[in-house]
Amino acid sequence: MLKKLFKSFRKPIRRGNHAHSSPEVLGRSQHPIERGEISRYAISVVERLQQAGYQAYLVGGCVRDLLLDIEPKDFDVATSATPEQVRAEFRNARVIGRRFKLVHVHFGREIIETATFRANHPQGDEEENSNLASRNESGRILRDNVYGTLEDDAQRRDFTINALYYDPSSERILDYANGVHDIRNHLIRLIGDPTQRYQEDPVRMLRAVRFAAKLDFDIEKHSAAPIYKLAPLLREIPAARLFDEVLKLFLAGYAVYTYDLLVDYGLFGQLFPASAEALKYNPEYTDQLIRNALHNTDERIAQGKPVTPAFLLAALLWPALPARVLKLQERGMPPIPAMQEAAHDLIHEQCQRIAVPKRFTMPIREIWDMQERLPRRSGKRADLLLENPRFRAGYDFLLLRESAGEQTHGLGEWWTRYQDVSDSERRSMIRDLSSKDDSAGAPRKRKRSPKRKSATGSNSAGE
Ligand code: ATP
Ligand code: MG
């Protein structure tokens, strides 16, 4: 409703995608943002800084989202006060950050991130500012703690829609880069020259895709054009930063659409090279497995259920495993050690690109190990597996594999039933398993092929 109201409001459109030195100003009656929609802590940070004589605004994602009638994830403040000056104003403020310093003002569990206005430093300027800002040979900004004016701050932001400033005191919006125009037209547009802005910070390519998926916006054509060619620049980005970005990409509730865009723009292969390879040599299964895993994630998020990055990463990488296991087996390694080594190597390689922390790599290995163990059900094995804390994840993963068409001879259905039935029925299910020619109790072929339950409800098809 608010959105409609906002859309019906018209104002002259200025051309160009550079930030202007004087902003378009939208007064109280010209936009739909209500003070009541804003965190009272964010308002109090802004007002406190203003009372102390500094400029301060709400900025970025929160203003953009409020204009689109989306509940903001968090509220960011931009101010003319330096981090030290901000800290001096608040009792519960902490200066954080390496790439650039920020202040976190804590109010119970809510944090208001407060950043000092910063300037873009044009290429060639390094000499004077070398202790504050620097770039590498490809133009990437390594540090940027050069403080600037409000106008500078608008210019250095990534997209026009992220360069809107809201002053809760006057309830006015300052628009330096035609962000309001792009919000109305559902466009993600970089401020300034796209190639240069991606070179400065290649992560902006991922951010373009993330916002396009989240907001259901198009990437404006000049901002979209260089992405495919520049995608390899992501290799220069520290693996820890990429891990954070990957979580934001896949845990925002629009993972399937995000994945499509990442593949289309040639970004997916930069993040998950082994999975991109698997997409080439086993396209249908790989694409279906990844898609189903992401779809489940989106559904869980929509239902407010927790999601674990380990499960998702296990799924993204799984299709890259078989070829590696096979290679090791061809060199004479037995299946289980081959699987172990392939899993170890794959995760190690992946961590060179995206620094997946140990607290996630361990469960990835456990989910994969579980895939080896789920077929072995004889004697007490099945009951022991049921007690394993990773059983649920392992079982869900098995259903995911089946949903992508992997042939497991009804193993998922067997486990679904086993969890449901009484003790005596369990004993008979175990007795039914043929252990004649397979001492490990691996699954035998079933005569009937019962309709399988799949993780996504889709029918499984043979690989
Ligand atoms: P959300 O929080 O919903 O993901 P956001 O726009 O608030 O979206 P943040 O990552 O929180 O995104 O960044 C806050 C603001 O900082 C952005 O709106 C943008 O103005 C600026 N910003 C963030 N990352 C970059 C970047 N890599 N280059 C330029 N500006 C950036
Ligand atoms: Mg934000």
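Residues numbered from 1 in each chain as written. Chains lettered and ligands numbered in written order. Predicted model: local features only at pLDDT ≥ 70, side-chain atom pairs only at ≥ 80, totals over all residues. Heavy atoms only, no water.

Novice: Describe the overall build of the chain, with residues and values.
Specialist: Along its length, the chain carries 24 helices and 12 strands. Nonlocal contacts in the chain, meaning residues at least 24 apart in sequence, comprise 70% of its contacts between residues at least 6 apart. Surface exposure of the chain reaches about 22500 Å², of which carbon and sulfur atoms provide 49%. (Helix = DSSP H or I, 4+ residues; strand = E, 2+ residues; numbered from the N terminus. Contact = heavy atoms within 4.5 Å. Areas by Shrake-Rupley, 256 points an atom, 1.4 Å probe, with all protein chains shown as cover.)

Novice: Lay out the site of ligand 1 with the relevant residues and their values.
Specialist: Lining the immediate surroundings of ligand 1 are 17 residues, of which Arg64, Asp201, Arg204, Arg207 and Arg210 lie closest. The contact in question runs from an oxygen atom of ligand 1 to an N or O atom on the backbone of Gly61, over 3.3 Å. Protein contact buries 85% of the 580 Å² of open area that ligand 1 shows by itself. In this structure the site holding ligand 1 corresponds to the largest pocket. Every element with two or more residues in the shell around ligand 1 is listed here: α3 (61–67) and α9 (203–215). (Near = heavy atom within 4 Å. Polar contact = N/O pair within 3.5 Å; in protein donor to acceptor, adjacent residues only side chain to side chain. 1 Å grid on protein atoms, 1.4 Å probe; cavity = no way out; pocket = protein on both sides within 12 Å on 5 of 7 lines; lining within 4 Å. Sits in = over half its atoms within 2 Å of the grid points.)

Novice: Before we move on, could you go through the pattern of salt bridges and cite the residues and values that matter?
Specialist: Within this structure, the stated rule accounts for 24 salt bridges. Across the pair Arg35 and Glu47 runs a salt bridge whose closest N-O atoms are separated by 3.1 Å. Here the residue Arg35 occupies a position in the loop between β1 (24–26) and α2 (40–51), and Glu47 occupies one in helix α2, the gap between them amounting to 12 residues. Here Arg35 falls in the partly exposed class, since its relative accessible area comes to 31%. (Salt bridge = Lys/Arg side-chain N within 4 Å of Asp/Glu carboxyl O. Buried < 20%, exposed > 50% of the residue type's maximum accessible area, 1.4 Å probe, protein only.)

Novice: Break down the layout of surface pockets for me, with residues and values.
Specialist: Taken as a whole, the largest pocket spans an internal volume of roughly 1800 Å³. Only α3, β3 (76–79), β5 (102–107), β6 (110–116), β8 (141–144), α9 and α12 (239–250) provide two or more residues apiece to the lining of the largest pocket. Classifying every residue of the lining of the largest pocket gives 18 nonpolar, 6 polar and 24 charged. (Points joined across faces, edges and corners; volume = space filled by probe spheres on them. Nonpolar A, V, L, I, M, F, W, Y, C, P; charged D, E, K, R; others polar.)

Novice: Can you lay out the confidence of the model for the chain for me, pointing to particular residues and giving the numbers?
Specialist: For the chain, per-residue confidence averages 88 on the pLDDT scale, and 84% of positions sit at 70 or higher. For residues 123–130, every residue scores under 50 in pLDDT, and the model assigns this stretch 7 contacts once sequence neighbours within four places are set aside. Every residue in residues 436–463 is under pLDDT 50, and counting partners more than four places away or in other chains gives 53 contacts. (pLDDT = per-residue confidence, 0-100.)

Novice: Residue-level account of the packing of α9 against helix α13 (residues 255–264), with values.
Specialist: Two elements in contact, α9 and α13, have axes whose closest approach is 9 Å; the angle formed by their N-to-C orientations is 140 degrees. Looking at the two axes, α9 sits oblique to α13. Taken as a pair, α9 and α13 cross one another with a handedness that is right-handed. On α13, the residues that touch Leu206, Val209, Ala212 and Ala213 of α9 are Tyr257, Thr258, Leu261 and Leu262. (Axes fitted to C-alpha atoms, helices over the stretch in contact; angles between N-to-C directions. Parallel < 35°, antiparallel > 145°, perpendicular 65-115°, else oblique. Left-handed = near helix turned anticlockwise from the far one by under 90°.)

Novice: Account for the environment of Val63, naming residues and giving values.
Specialist: In this structure, Val63 sits in helix α3. The exposure class of Val63 is buried, given its relative accessible area of 1%. Distance from Val63 to Asp76, taken between C-alpha atoms, is 9.1 Å for residues 13 residues apart in sequence. Not counting residues within four places of it along the chain, the set of residues in contact with Val63 comprises Ile33, Leu58, Leu164 and Tyr166.

Novice: Please set out the pairing of strand β10 (residues 172–175) residue by residue, giving values where relevant.
Specialist: Both β1 and β10 contribute to a ladder of 3 bridges, which runs antiparallel. Bridging from a neighbouring strand, Val25 pairs with Leu174 of β10. The sheet contact formed by strand β9 (residues 164–167) and β10 spans 4 bridges and is antiparallel. Residue pairing in the sheet places Tyr165 in a bridge with Leu174 of β10. Once β9 ends, the chain turns through 4 residues before running back antiparallel as β10, passing Glu171 with a positive phi of about 60 degrees. (Pairing = 2+ DSSP bridges.)

Novice: Help me get a handle on the packing of α13 against helix α16 (residues 283–302), residues and values and all.
Specialist: Direction vectors running N to C along α13 and α16 enclose 140 degrees, while the axes themselves pass 8 Å from each other. As judged from the angle between their axes, α13 and α16 are oblique. Of the residues in α16, those touching α13 at Ala255, Val256, Tyr259 and Asp260 are Asp287, Ile290, Arg291, Leu294, His295 and Asp298. Considered class by class, the residues forming the contact of α13 with α16 number 5 nonpolar, 1 polar and 4 charged.

Novice: Can you explain the environment of Ala81? Please cite residues and give values.
Specialist: Topologically, Ala81 is positioned in the loop between β3 and α4 (83–89). With 25 residues separating them in the primary sequence, Ala81 and Ala56 have C-alpha atoms 8.2 Å apart.

Novice: Which residues make up the pairing of strand β2 (residues 56–59), and what values go with them?
Specialist: Taking every second residue as pointing to the same face, both faces of β2 are buried, with Ala56 and Leu58 on one and Tyr57 and Val59 on the other. As judged from the 4 bridges shared by β2 and β3, these two strands associate in the antiparallel manner. Among the inter-strand pairings, Leu58 is bridged to a residue of β3, identified as Val77. Pairing of β2 with β9, which is carried by 2 bridges, proceeds in the antiparallel orientation. Across the sheet, Leu58 pairs through a bridge with Tyr166, a residue of β9.

Novice: So what's going on with unusual backbone geometry? Residues and values would help.
Specialist: The phi dihedral of Glu171 falls on the positive side, at around 60 degrees, and the residue is not glycine. Examined against the element boundaries, Glu171 turns out to sit in the loop between β9 and β10.

Novice: I'd love a proper account of the nonpolar core, names of residues and values included.
Specialist: Ranked by size, the top nonpolar core spans 104 residues in total, and within it Leu58, Ile188, Phe250, Leu267, Phe272 and Trp368 carry the most contacts. It is α9 that contributes the most residues to this core, 9 residues altogether. In this structure, Leu58 is in contact with Ile38, Ala42, Val46, Val63, Phe75, Asp76, Val77, Leu164, Tyr165 and Tyr166, ignoring residues within four places of it in sequence. If you look at the next biggest cluster of nonpolar residues, it comprises 16 residues, including Leu385, Leu399, Val421 and Leu433. (Core = buried A, V, L, I, M, F, W, Y, C linked by side-chain atoms within 4.5 Å.)

Novice: Could you give an account of the sheet that holds β5, with specific residues and numbers?
Specialist: Pairing between the strands of a sheet is mediated by backbone hydrogen bonds and can be parallel or antiparallel. On the basis of which strands lie adjacent, the open sheet formed by 8 strands has the order β1-β10-β9-β2-β3-β6-β5-β4 and mixed pairing. Every interior strand has two partners, whereas the edge strands, β1 and β4 (93–96), have only one. The mean inter-strand angle of the sheet, taken between neighbouring strand axes irrespective of direction, is 30 degrees. Of the strand pairs in this sheet, β5 and β6 are connected by 5 bridges, and their pairing is antiparallel. Following the sheet pairing, Val105 is matched in β6 by Ile112.

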